[in-house]
Amino acid sequence: PEFASVPAKISSVGRDAQKPILDAGKQIINGSVAMIQSAKSLAVNPKDPPTWQALANSSKSVSDSIKKLVSSIRDKAPGQKECDDGIATLTSHIRELDNASIGAMNQNLEPRRNKD
């Protein structure tokens, strides 16, 4: 009654944000399944070159998918854009302060035009 659960609703924006992470996760699982199947085949016939190639291809697929997953998580992290924007703003202000400091040391400091 008062603690009755409400089904979660994901907006289309949220669903779009999740897509790259979910896709990479699915690729990791599919590649892992293929690796296990190749490993099982190699346990029966360890000298089968096509199976070794399939194992190598599956391994590369898993590795690439993990890299894609990490990249997607990093790029889509909450607040990532805001942090990047803040860093850019701080860098700009540090550059401005450095220029003012150099100007002051050279007795060449220009007066500020605005009071911001």
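Use the structure listed above.
What this report covers is the structure whose coordinates are included nearby.

Scoring rules and cut-offs
What you see as residue numbers is a count from 1 along each chain, following the sequence as written. Two thresholds apply to this predicted model, a pLDDT of at least 70 for residue-level local features and 80 or more for giving and counting side-chain atom pairs, whereas whole-chain, interface and lining totals are computed over all residues. Hydrogens and water are ignored here; the side-chain numbers use all heavy atoms of the structure. The helix count covers DSSP runs of H or I at least four residues long, the strand count covers runs of E at least two residues long, and both are numbered beginning at the N terminus. Note on method: radius of gyration uses C-alpha positions; expected globular size equals 2.2 Å times residues raised to 0.38. Note on contacts: a residue pair qualifies if any of its non-hydrogen atoms lie within 4.5 Å across the two residues. A 1.4 Å probe and the Shrake-Rupley method give the accessible areas. Residues count as covered only by the protein chains that appear here. Counted charges follow a simple rule, with Lys and Arg positive, Asp and Glu negative, and His plus the chain ends left uncounted. Here the site of a charge means atom NZ of a Lys, CZ of an Arg, CG of an Asp or CD of a Glu. Expected helix span is computed as 1.5 Å times (number of residues minus one). We define the bend at any residue as the angle between the axes fitted to the seven residues before and including it, ending there, and the seven starting there. Partly exposed residues are those whose accessible area sits between 20% and 50% of the maximum for their type, while under 20% is buried and over 50% is exposed, using a 1.4 Å probe and protein chains only. Pairs of N or O atoms are called polar contacts if they sit within 3.5 Å, as long as, within protein, a hydrogen donor faces a hydrogen acceptor (for residues adjacent in sequence, only side-chain-to-side-chain pairs).

## As for the overall build of the protein
Consideration 1: Looking only at helices and strands, the protein has three helices and zero strands in total.
Consideration 2: Going residue by residue from the N terminus, the α and β elements of the protein occur as α-α-α.
Consideration 3: For 116 residues, the compact-globule formula gives about 13 Å, and the C-alpha radius of gyration of the protein, at 27 Å, lies well above that figure.
Consideration 4: A fraction of 56% describes how many contacts in the protein between residues 6 or more apart in sequence connect residues 24 or more apart.
Consideration 5: Entry remark: accessible area of the protein is about 9800 Å², with carbon and sulfur atoms responsible for 60%.
Consideration 6: If the 16 positive side-chain charges of the protein are averaged to one point and the 13 negative ones to another, these points end up 8 Å apart.

## Overview of helix 1 (residues 12-44)
Consideration 1: The end-to-end C-alpha distance of helix 1, which contains 33 residues, comes to 47 Å, matching closely the 48 Å that a straight helix rising 1.5 Å per residue would cover.
Consideration 2: Residue Lys19 marks the point of greatest curvature in helix 1, where the axis turns by about 35°; the proline Pro20 follows within four residues.
Consideration 3: Restricting attention to buried positions, one finds in helix 1 the residues Ala24, Ile28, Gly31, Ser38 and Leu42.
Consideration 4: Buried residues in helix 1 make contact with helix 2 (49-75).

## Quick notes on the side chain of Ser65
Consideration 1: If you trace the backbone, Ser65 turns up in helix 2.
Consideration 2: A distance of 2.8 Å separates the side chain of Ser65 from the backbone oxygen of Ser61, its partner in a polar contact.
Consideration 3: In this structure Ser65 touches Ala24, Gln27 and Ile28, once residues within four positions along its chain are discounted.

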